[in-house]
Structure formats: structure tokens, C-alpha cells
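Spelled out from the first residue to the last, the chains are:
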Amino acid sequence: LTAQYNPPREPELTVKATGYQWYWGYEYQPAQTDAANAAEAVSFESYPLSEEDRPGSGKEDKALYPRLLAVDNEMVVPVGTVIRLISTSADVIHSFALPSMGVKVDAVPGRINEYWFEPLKEGIFYGQCSELCGQSHYNMPIGLRVVSKEQFSRWLAAAGSDLE
Ligand SMILES: [Cu+2]
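Quick summary incoming for the structure in this document. This is a predicted model, so every value here is computed, not measured. (Residues numbered from 1 in each chain as written. Predicted model: local features only at pLDDT ≥ 70, side-chain atom pairs only at ≥ 80, totals over all residues. Heavy atoms only, no water.)

Concerning the coordination of the copper ion
What counts, and what does not: Each metal's donors are the N, O and S atoms found within 2.8 Å of it, except that Na, K and Ca use a 3.2 Å limit; water is left out, so coordination can look incomplete. Between 85 and 135 degrees for all angles marks four donors as tetrahedral; over 155 degrees for opposite donors together with 65 to 115 for all other angles marks four donors as square planar and six as octahedral; every other arrangement is irregular. Strands are runs of DSSP state E lasting at least two residues, helices are runs of H or I lasting at least four, and both sets are numbered from the N terminus onward. In this scheme, a residue with accessible area under 20% of its type's maximum is buried, one over 50% is exposed, and one in between is partly exposed, where area comes from a 1.4 Å probe on protein chains only.
H94 (ND1), C129 (SG), C133 (SG) and M140 (SD) make up the full set of protein donors to the copper ion, lying at 2.0 to 2.6 Å. Taken together, the 4 donor atoms coordinating the copper ion and their angles of 92 to 126° define a geometry best described as tetrahedral. Spacing between the donor residues of the copper ion along their common chain follows H-x34-C-x3-C-x6-M. Linking H94 in strand β6 (residues 94-98) with M140 in the loop between β9 (123-129) and β10 (142-147), this pair joins segments that are 46 residues apart in sequence. By the burial criterion, H94 is buried, and M140 matches it.

Have a look at this one:
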């Protein structure tokens, strides 16, 4: 079990996913070894995409942005990178489940759970809260956007100012 848990390489990026009733908050923690990125952590909230927001956000394509899965701000990560995912909750127990990445980790208030994954191709992937957490349990999706490393650096640099 210990061998299964250990990541294959040192994680290059740590993202904290916090469950709230009923949305997710993401916080990017710069790698300690990477002085250039150490400036500031980026954090933002990710809400389910409402029907009214589809046209304004350019997310009208329901094949790419499906009902009950699409979000306003995706969690963005670079392809081919070992990502440490840490998860907790600010209220009740949620669970961060992203089947295409083999990720399912409980988000428990007062605890930090840790997992890792490595996306191997670019694209958009979806997951859902997998712990019954109240009225809108069904509607707090997880949207993951996997981009090239170069796109990711640009996104991260812009995110600090754009998303706050
Ligand atoms: Cu939940």
C-alpha cells in the first residue's frame, strides 16, 4: 500500500482543493524549489456554470461544457506533470472525485488529505463531489483543464490578477 501511495517522482505542482457548500476553491502553491514561482499563491473559486453564463463565457458547446459538469473557472494544470492534490473542506464532508485521473479523495473539515496524479494528455476532464453534502451535492462539479506547460505558465502568471 505504501508503494502504491508514493508518487513516481517528486510532485512539481501542488494544488489545494477545498470543498464548500456547494462549489470548490483551488489554491496553487508554488514549488519550494522553484524560486521564480515562489512569489505568490494563486487562488480562486470554481462554481457550476449557469445556463445564463454560457454565452458570456464562450461555453455554449454542450459537448465540451456539459450540463451539470461545466464550471466557470476550471482547475488548470500542465500536461505531463506530477501534481500533488491536497484536499480539505470548509464545512461538511465532500469528496473530490475525478475518474479520468483515477482520483477520489475525501475533503474532510479539519483534515488535509493528499493524493497525486499525472495528466498525460491535454483537454478538459470532469468530476463530481462524491460525498453527499446537502441540497446541491449534485451540482458542485470539478472541471480540470489540462494544457501545455507553456500555456500553464502564462495562465498562472495572468491568473493572479485576472481571477481576483
Ligand atoms: Cu460536496
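Right, picking up where we left off after that structure.
Details of the packing of aromatic side chains
The criterion, for reference: Two rings from Phe, Tyr or Trp (for Trp, the six-membered ring) form a pair when their centres sit within 6.5 Å of each other. Planes less than 30 degrees apart are called stacked, planes more than 60 degrees apart edge-to-face, and all others tilted.
Under the definition given, this model contains 10 aromatic pairs. Both rings, one in W24 and one in F96, keep their centres 5.3 Å apart while their planes meet at 85°; by these two values the pair is edge-to-face. With W24 in strand β2 (residues 23-29) and F96 in strand β6, this pair connects stretches of sequence that are 72 residues apart. Ring geometry for Y28 versus F44: centroids 6.1 Å apart, planes at 20°, classification stacked. Here Y28, found in strand β2, pairs with F44, found in strand β3 (residues 42-46); they are 16 residues apart in sequence, far enough to count as distant. Of the two residues, Y28 and F44, neither departs from the other in class, the shared state being buried.

Describing the sheet that holds strand β7 (residues 103-107)
Convention followed: Strand pairing is assigned whenever DSSP identifies at least 2 bridges connecting the two strands. Lines fitted to C-alpha atoms define the axes, with helix axes restricted to the stretch in contact, and inter-axis angles between N-to-C directions lie between 0 and 180 degrees.
Strand order in the open sheet formed by 5 strands is β4-β10-β9-β6-β7, and the pairing between neighbours is mixed. The two strands at the open ends of the sheet, each matched to only one other strand, are β4 (75-78) and β7. Neighbour-to-neighbour, the strand axes of the sheet open up by a mean angle of 25°, direction not taken into account.

Comments concerning the nonpolar core
Stated precisely, the cut-off is as follows: Nonpolar cores are built from buried Ala, Val, Leu, Ile, Met, Phe, Trp, Tyr and Cys residues. Side-chain atoms within 4.5 Å join them into one set. A contact between two residues is defined here by any heavy atoms of the two lying within 4.5 Å.
Ranked by size, the top nonpolar core spans 33 residues in total, and within it W24, Y26, Y28, M75, F96 and L144 carry the most contacts. Beyond its immediate chain neighbours, meaning those up to four positions away, L144 contacts E74, M75, V77, L98, M101, F117, G123, I124 and F125.

Concerning unusual backbone geometry
The omega torsion across Q21 and W22 is 0°, close enough to zero to call that bond cis. Within the chain, L68 stands out as a residue other than glycine whose phi angle is a positive 70°. As for its placement among the helices and strands, L68 is situated in the loop between α2 (53-57) and β4.

What to know about the environment of E150
Examined against the element boundaries, E150 turns out to sit in helix α3 (residues 149-162). Classification of E150 as exposed rests on a relative accessible area of 55%. Distance in space between the C-alpha atoms of E150 and V79 is 9.8 Å, their sequence separation being 71 residues.

Focus on the pairing of strand β5 (residues 83-89)
Of all 7 residues in β5, 6 are buried; the element is thus mostly enclosed. As defined by bridge partners, strand β1 (residues 13-20) adjoins β5 across 7 bridges and the pair is classed as parallel. The residue bridging K16 from the neighbouring strand is I86, located in β5. As defined by bridge partners, β5 adjoins strand β8 (residues 113-117) across 5 bridges and the pair is classed as antiparallel. Its bridge partner lying in β8, I83 is registered against F117.

Read these as geometric descriptors, not functional statements.
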